[in-house]
Amino acid sequence: MEQLSFFEEIGAMPSKSEYIVDKFSAGDLCDEHARQALEKKYEPILEVTNRFDRRSVSYQLSKKDALHSWLKYKEGFSADLVGQLLDDMGAKPGDLVMDPFMGSGTTALVCQMRGINSIGFDIMPISAVAIKAKANVMLYDQEEIKRLIAEVKALKLPERYNGFTPYVTITDTAYPVFNGQFIQYSSDWIKTADFDDIVKNLFTLAVLNSLERCSYTTKSGQYLSWDCRSDKVKNANITRKEQGKKLLPEKFVRKEILNVQDTIVTELEHILSDVEMIQQQCEKGVTAEIDYREKSVLYQLAELEDDCLKGVITSPPYCNRYDYTRTYALELVYLGTTEEGIKKMRQDLLSCTVESKTKVETLRKYYSSIGQEERFQQIYDIIQSNEAFTEIKQAMDKRKDNGDLNNKGVIRMIEGYFTELAFIYAELYRLCKPGALVAFVNDNVRYGGEVIPVDFLSTSFAEQFGFKAEKVYCLKQQKGNSSQQMAKYGRVALRKSITIWKK
């Protein structure tokens, strides 16, 4: 759990100096001049703010919002944040705003409510279900949803039913028997049930939002964390005992593993309540297009036309080793993703895990295939010329040689992460209209005693491609370090930032 600073405890605004890094390399092992230069250059536009807080840039605020709470997507940001940023960019009905990493679709949905068109990308199929469900909020027949709820309540497993929801290696034994069987039975039932397609999609969303609470797992950073009541943990302990190894700890991911039928009904009742309220309060005449594409943003932006965007509001996966294909494995498998499909998706996502492989040659071939090889080379050369990025890569290599990295894949991940993001920054500059604003939510990180200023490094790339750095909003709740890093290198405060760039 992150500790509150003195300033947070008393509710006061800390000095900006508290958020400027004075030591990037623990023990002065590596050169840090280029990173120090970034701190000096961008300190004038750094603003420690009360305008946004940790809830604004996470799921915590959205989980209480009507519509936006329909998918418990912990990596999302709040509707309030999107609304404030849309106001800042002066977005009006008919404008086009992009979210390159759509997630649960908060940017698109807030835009839709304001009559603003949006476009975005995400390769996780969970996004497609959530965005379709939310985008159709004004179209639902409330009586049909009530009928769906009644029929789900009345569902009964046939005697001697032996169907069970599919699983892959990392989700094997995730559910109690009844839950695993009911998920499969109800999934087969909804396919042939007499409901509109958009209402069937609501059912799918309700199931997705129920899976974790009805399983022996919980999302835990890089992996799924398992309950000691699961067969996976029980069987592992039998093997460990036979081998004379220490048993896995008695860990409970939640007090009660919920009944999946009851939980799906509860989710549908919550959705119905929101639909009733929204349809009553919102104007039906307000319409806007949501152009969602279940594709990688890396291989889409280069084909869009110049000067089409009023602005961009997004939060990419953070450079923190979190593996979304593992933490959302239950949901992915329910939607039909296979073992091989999950492995492929892990590589197709923005490089943010130690398993990520370089995409440079794939990007080169893609640009060449659309007749833009020269543009690829221009962008790539600019990336390689960034002094702070070069310094960070050299520092990571030195930390590896010094035995400070617990996985050498961190080096490849960091290089891939910023290279891929920089390609996106370059294309966004081309796509934005003059005067357009771009807002990226991200966290700074630390590996092997080396601080990586994600916010300032990204801003330096953005400027290289033509953007003007307008503001870096820093949340006064700073991010903590891992216990391992603090024990070895001491604590360094890491900024949580919203970078604002203008074309």
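Our structure's up above, just so we're on the same page.
Residues numbered from 1 in each chain as written. Predicted model: local features only at pLDDT ≥ 70, side-chain atom pairs only at ≥ 80, totals over all residues. Heavy atoms only, no water.

With that settled, consider the overall build of the protein. Secondary structure summary: the protein contains 20 helices and 12 strands in total. Its C-alpha atoms give the protein a radius of gyration of 24 Å, near enough to 23 Å, the size a compact globule of 503 residues would have. Judged by the C-alpha coordinates and their principal axes, the protein covers about 70 × 70 × 55 Å. Looking at the protein residue by residue over its 503 residues, the buried ones come to 57%. If the 68 positive side-chain charges of the protein are averaged to one point and the 72 negative ones to another, these points end up 4 Å apart. (Helix = DSSP H or I, 4+ residues; strand = E, 2+ residues; numbered from the N terminus. Rg over C-alpha atoms; globule rule 2.2 N^0.38 Å. Buried < 20%, exposed > 50% of the residue type's maximum accessible area, 1.4 Å probe, protein only. Lys, Arg positive; Asp, Glu negative; His and termini not counted. Charge placed at Lys NZ, Arg CZ, Asp CG, Glu CD.)

This brings us to the sheet that holds strand E12 (residues 496-502). Judged by pairing direction, the sheet is mixed, and its eight strands sit side by side in the order E1-E11-E12-E8-E7-E2-E3-E6 without closing on themselves. Of all the strands in the sheet, just strand E1 (46-49) and strand E6 (290-293) have a single pairing partner and so form its edges. On average, adjacent strands in this sheet sit at an angle of 15° to one another, irrespective of strand direction. Here seven bridges tie strand E8 (residues 432-443) to E12, and the two strands are oriented antiparallel to one another. For Leu-437, the partnering residue across the bridge sits in E12 and is Lys-502. Here helix H4 (residues 79-89) sits on the sheet in contact with strand E2 (96-99), strand E7 (309-314), E8 and E12, set at roughly 155° to E7. Against the sheet, helix H18 (residues 409-431) engages E2, E7, E8 and E12, with an angle of about 155° to E8. (Pairing = 2+ DSSP bridges. Axes fitted to C-alpha atoms, helices over the stretch in contact; angles between N-to-C directions. Contact = heavy atoms within 4.5 Å.)

Residues Trp-70, Met-98, Phe-203 and Ile-414 are the most contacted members of the largest nonpolar core, which totals 133 residues. When residues of this core are assigned to their parent elements, the largest contribution, 14 residues, is made by H18. Contact partners of Ile-414, with chain neighbours within four places excluded, come to Cys-319, Phe-389, Ile-392, Met-396, Tyr-447 and Ile-452. (Core = buried A, V, L, I, M, F, W, Y, C linked by side-chain atoms within 4.5 Å.)

If you walk through the whole model with that rule in mind, you get 19 aromatic pairs. Both rings, one in Phe-376 and one in Tyr-380, keep their centres 5.8 Å apart while their planes meet at 10°; by these two values the pair is stacked. In this pair, Phe-376 and Tyr-380 are both assigned in helix H16 (residues 373-384), four residues apart and thus about one turn of the helix distant. For Phe-376, a relative accessible area of 0% corresponds to the buried category. For the pair Tyr-429 and Phe-467, a centre-to-centre distance of 5.1 Å together with 85° between the ring planes defines the contact as edge-to-face. Of this pair, Tyr-429 sits in helix H18 while Phe-467 sits in the loop between helix H19 (454-464) and strand E11 (468-475); the two residues are 38 residues apart in sequence, bridging distant segments of the chain. For Tyr-429, a relative accessible area of 25% corresponds to the partly exposed category. Judged by relative accessible area, Phe-467 falls into the buried class, the value being 4%. (Phe/Tyr/Trp six-rings, centres within 6.5 Å; stacked < 30°, edge-to-face > 60°.)

With that settled, consider the environment of His-33. Relative to the elements of secondary structure, His-33 occurs in helix H2 (residues 33-42). Put simply, His-33 and Lys-408 are 375 residues apart on the chain and 24 Å apart in space, counted from C-alpha to C-alpha. Reaching out from His-33, the side chain makes a polar contact with the side chain of Asp-31 at a distance of 2.4 Å. (Polar contact = N/O pair within 3.5 Å; in protein donor to acceptor, adjacent residues only side chain to side chain.)

Quick look at the packing of helix H6 (residues 125-135) against helix H9 (residues 197-208) now. Between H6 and H9, the least distance of the axes is 9 Å, while the angle of their chain directions is 125°. Here H9 runs oblique to H6, going by the angle between their axes. Note on packing geometry: the crossing formed by H6 with H9 is left-handed. On H9, the residues touching Ile-126, Val-129, Ala-130, Lys-132 and Ala-133 of H6 are Asp-197, Ile-198, Asn-201, Leu-202, Thr-204, Leu-205 and Leu-208. For the contact of H6 with H9, the residue count by class is eight nonpolar, two polar and two charged. (Parallel < 35°, antiparallel > 145°, perpendicular 65-115°, else oblique. Left-handed = near helix turned anticlockwise from the far one by under 90°. Nonpolar A, V, L, I, M, F, W, Y, C, P; charged D, E, K, R; others polar.)

Of all 12 residues in E8, nine are buried; the element is thus mostly enclosed. Of the strand pairs in this sheet, E7 and E8 are connected by five bridges, and their pairing is parallel. Residue pairing across strands places Thr-314 opposite Phe-440, the latter belonging to E8.

Now for the pairing of strand E4 (residues 217-220). Two elements, E4 and strand E5 (residues 223-226), share four bridges in a ladder whose sense is antiparallel. Residue Lys-219 lies in a different strand from E5, and its bridge partner there is Leu-224. Hairpin connection, E4 to E5: the antiparallel pair is bridged by two residues, and Gly-221 has positive phi, about 65°.

Bringing H6 into the picture now. Here H6 lies mainly inside the structure; eight of its 11 residues are buried. When we look at burial in H6, the residues that qualify are Pro-125, Ile-126, Ser-127, Val-129, Ala-130, Ile-131, Ala-133 and Lys-134. Tucked into the core, H6 has its buried residues touching helix H5 (106-113), H9, E6, helix H13 (329-334) and helix H14 (339-348).

Relative to each other, helix H7 (residues 142-154) and H9 sit at 50°, their axes nearing to 11 Å. In this view, H7 runs oblique relative to H9, as classed from their interaxial angle. Once H7 is placed against H9, the crossing between them reads as right-handed. Listed contacts from H9 to Glu-144, Ile-145, Leu-148 and Val-152 of H7 are Val-199, Leu-202 and Phe-203. Residues belonging to the contact of H7 with H9 are distributed by class as follows: six nonpolar, no polar and one charged.

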